[in-house]
Amino acid sequence: MNIRKWLVNLYPRMWRERYGDEFEILLEECLHSPLDALDILFGALDAHLELPYETNWRLMNMINKLRSTILFVFAAYVAFIVAGFSLNGLMDDSQLVPLTRSNPVLSISYATIEIGSVIALLAIMIGGAPLAWTIIRRVFTFQRKDLGLLFVPLASFLVLVGYFFMMVYLAFNTHVLDQPISSTGLALMWGLITIFAAGAIASTIAVWKLISHTDVEQDEFALLGKSATIKLYEFAYRPALIATLSMVVMFVATVVWGWLSYSLRPDLFIGNMGVMMTSTRGSFAFTLIVMTIATVTACLGIIRARSSRI
Amino acid sequence: MNLADFGRFSDPALLILSSLADGPKHGYGMMSDIETMTGVRLGAGTLYGALARLESAELIKAIPSTDRRRPYQLTAKGIAALREQLALLQKLASTGLKRLAEQ
């Protein structure tokens, strides 16, 4: 292979298909020095960095920022679910339930958390559905190497469900999960948490990689019998904003709920009534820390998107 | 279309548009013309980097050719963009020269 062909081959395939022939002819006439070769190397690098030729740099920048916003909010939401389970575990079979019911402020703050979680879930589902559909369709049509990534969330969910049913079976047929819970029962419960956490992390990474690998700036959808082209990232931005606002509201409601509950009944925060019989205070602190990190992450994502509007 | 969006290719883009102002040219023709016109010798990588962007922005278009060298010509959008850029440069040059004369 001569040097000209080698230099042309440095460019992306799509670029070569369009400009390869004429570029090679040009090189026959003007490739004279190492500086000329260096210029071509930079040109090839640029061509690799600028993937779709129909878009310009400012638009690319906006798309990248919107994409990372969606990834930030999605990861934050998964973390928020973990915090939600921790909070739910704190309430389970606890005197905090009657206390919350008896006080209007506590009732409202807890109801706010519940309503916020439903709104955030709906927002994530509405914003993510077209994106997920596009990713799934493209993985099955021309990104088959990413099939493995697509099955990570599904496999995680199936393993979690399988483990849960095994625990239900053990609860009904053995005494390992009876109260007071045995060390075997506790180990099984920790196993459930570990599987959930590992699945959540693995699924988040897989979805992150899938979105990063897929050029899903816009896609065609059939809605109510009509075809519509929508810009997926821009479409997902508003639900992401709603999910983030819900997280902020839930975080504030959790702080209010925790602070007021502790003021009224500090004794309920003593002992080991947290998730898996862990320290009650520790469990609530964990909930707040995870919620803080998740809320800040989601807000940073939204700020990043707002800086990209053109 | 603002040529500033072309990043490091904004200057070569203006040179290419100016070179095509008097008619279609292929890559080597543009390179020689630009060198004659301005003394700047564009490398092949820079030339085609700018050319690909100009074509994707629909400021220039390839025209049919019988040989492997493909000529390009300005589109209506390209003519408007070139006119706008040159007017801006003319205004900048006259303001700068006027200020120098006042010193």
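As the structure is a prediction and not an experimental result, all values here were calculated from the model.

Parameters and conventions
Residues numbered from 1 in each chain as written. Chains lettered and ligands numbered in written order. Predicted model: local features only at pLDDT ≥ 70, side-chain atom pairs only at ≥ 80, totals over all residues. Heavy atoms only, no water. Helix = DSSP H or I, 4+ residues; strand = E, 2+ residues; numbered from the N terminus. Buried < 20%, exposed > 50% of the residue type's maximum accessible area, 1.4 Å probe, protein only. Contact = heavy atoms within 4.5 Å. Areas by Shrake-Rupley, 256 points an atom, 1.4 Å probe, with all protein chains shown as cover. Axes fitted to C-alpha atoms, helices over the stretch in contact; angles between N-to-C directions. Parallel < 35°, antiparallel > 145°, perpendicular 65-115°, else oblique. Nonpolar A, V, L, I, M, F, W, Y, C, P; charged D, E, K, R; others polar. Core = buried A, V, L, I, M, F, W, Y, C linked by side-chain atoms within 4.5 Å. Polar contact = N/O pair within 3.5 Å; in protein donor to acceptor, adjacent residues only side chain to side chain. Buried area = accessible area lost by both parts, 1.4 Å probe. Salt bridge = Lys/Arg side-chain N within 4 Å of Asp/Glu carboxyl O.

**Description of the overall build of chain B**
- If you tally the helices and strands in chain B, you get 4 helices and 2 strands.
- From first element to last, N terminus to C terminus, chain B shows the α and β order α-α-α-β-β-α.
- Counting over 103 residues, chain B shows a buried share of 44%.
- Of the contacts formed within chain B by residues at least 6 apart in sequence, a portion of 50% connects residues at least 24 apart.
- About 5,600 Å² of surface is accessible on chain B, with carbon and sulfur atoms providing 55% of the total.

**Side note on unusual backbone geometry**
Residue and element names in this part refer to chain B.
- Not every positive phi belongs to a glycine, and E58 is a case in point at roughly 60 degrees.
- The topology assignment puts E58 in the loop between α3 (44-56) and β1 (60-62).
- The class for E58 is exposed, based on a relative accessible area of 52%.

**What about the packing of helix α2 (residues 27-38) of chain B against α3 of chain B?**
Residue and element names in this part refer to chain B.
- Taken N-terminus to C-terminus, the directions of α2 and α3 make an angle of 110 degrees; their axes are 11 Å apart at the nearest point. In terms of orientation, α2 lies roughly perpendicular with respect to α3. Along its contact with α2, which presents G27, M30 and M31, the element α3 presents A44, L47, Y48 and L51.
- Tallied by class, residues from the contact of α2 with α3 come to 6 nonpolar, 1 polar and no charged.

**Considering the packing of helix α2 (residues 13-30) of chain A against α2 of chain B**
- One way to put it is that α2 of chain A packs onto α2 of chain B with a least axis distance of 9 Å and a crossing angle of 45 degrees. In terms of their interaxial angle, α2 of chain A and α2 of chain B are classed as oblique. The segment α2 of chain A lies against α2 of chain B, with L26, E29 and C30 of chain A engaging G27, Y28 and M31 of chain B.
- A per-class count over the contact of α2 of chain A with α2 of chain B returns 4 nonpolar, 1 polar and 1 charged.

**What about the nonpolar core?**
- V73, L87, L96, I211, M247 and W257 of chain A are the most contacted members of the largest nonpolar core, which totals 48 residues.
- Elements with a minimum of two residues in this core: α4 (57-91), α5 (96-102), α6 (104-142), α7 (147-173), α8 (183-213), α9 (232-264) and α10 (280-306) of chain A.
- Setting aside residues up to four positions removed in sequence, I211 of chain A forms contacts with R67, L71, L131, I135 and Y233 of chain A.
- Counting residues in hydrophobic clusters, the runner-up holds 36 residues, among them I40 of chain A together with L15, A50 and L74 of chain B.

**Brief notes about the environment of S279 of chain A**
Residue and element names in this part refer to chain A.
- Mapped onto the secondary structure, S279 falls in the loop between α9 and α10.
- Using a relative accessible area of 32% as the deciding quantity, one classes S279 as partly exposed.
- With 10 residues separating them in the primary sequence, S279 and F269 have C-alpha atoms 8.3 Å apart.
- Beyond its immediate chain neighbours, meaning those up to four positions away, S279 contacts G271, N272 and G274.
- A polar side-chain atom of S279 sits 3.4 Å from the main-chain amide nitrogen of R281.

**Quick word on the interface of chain A and chain B**
- Tallying the contact residues gives 26 residues for chain A and 24 residues for chain B.
- Surface buried jointly by chain A and chain B totals about 2,200 Å² across both partners, of which 46% is contributed by carbon and sulfur atoms.
- Among the residues of chain A in contact with chain B, E22, L26 and D39 of chain A are the three that bury the most area, contributing 23% of the side total.
- One can count 4 salt bridges joining chain A with chain B.
- A salt bridge links R41 of chain B to D36 of chain A, with the nearest nitrogen and oxygen atoms 3.1 Å apart.
- The tally of links between chain A and chain B comes to 13 residue pairs in polar contact (both at pLDDT 80 or more).
- Among the secondary structure elements, those contributing two or more residues to the side of chain A that touches chain B are α2, α3 (34-49) and α4 of chain A.
- The leading source of residues in the side of chain A that touches chain B is α2 of chain A, at 12 residues.
- When the residues that make up the side of chain A that touches chain B are grouped by side-chain class, the tally is 12 nonpolar, 3 polar and 11 charged.

By themselves, these figures tell us nothing about what the structure is for.
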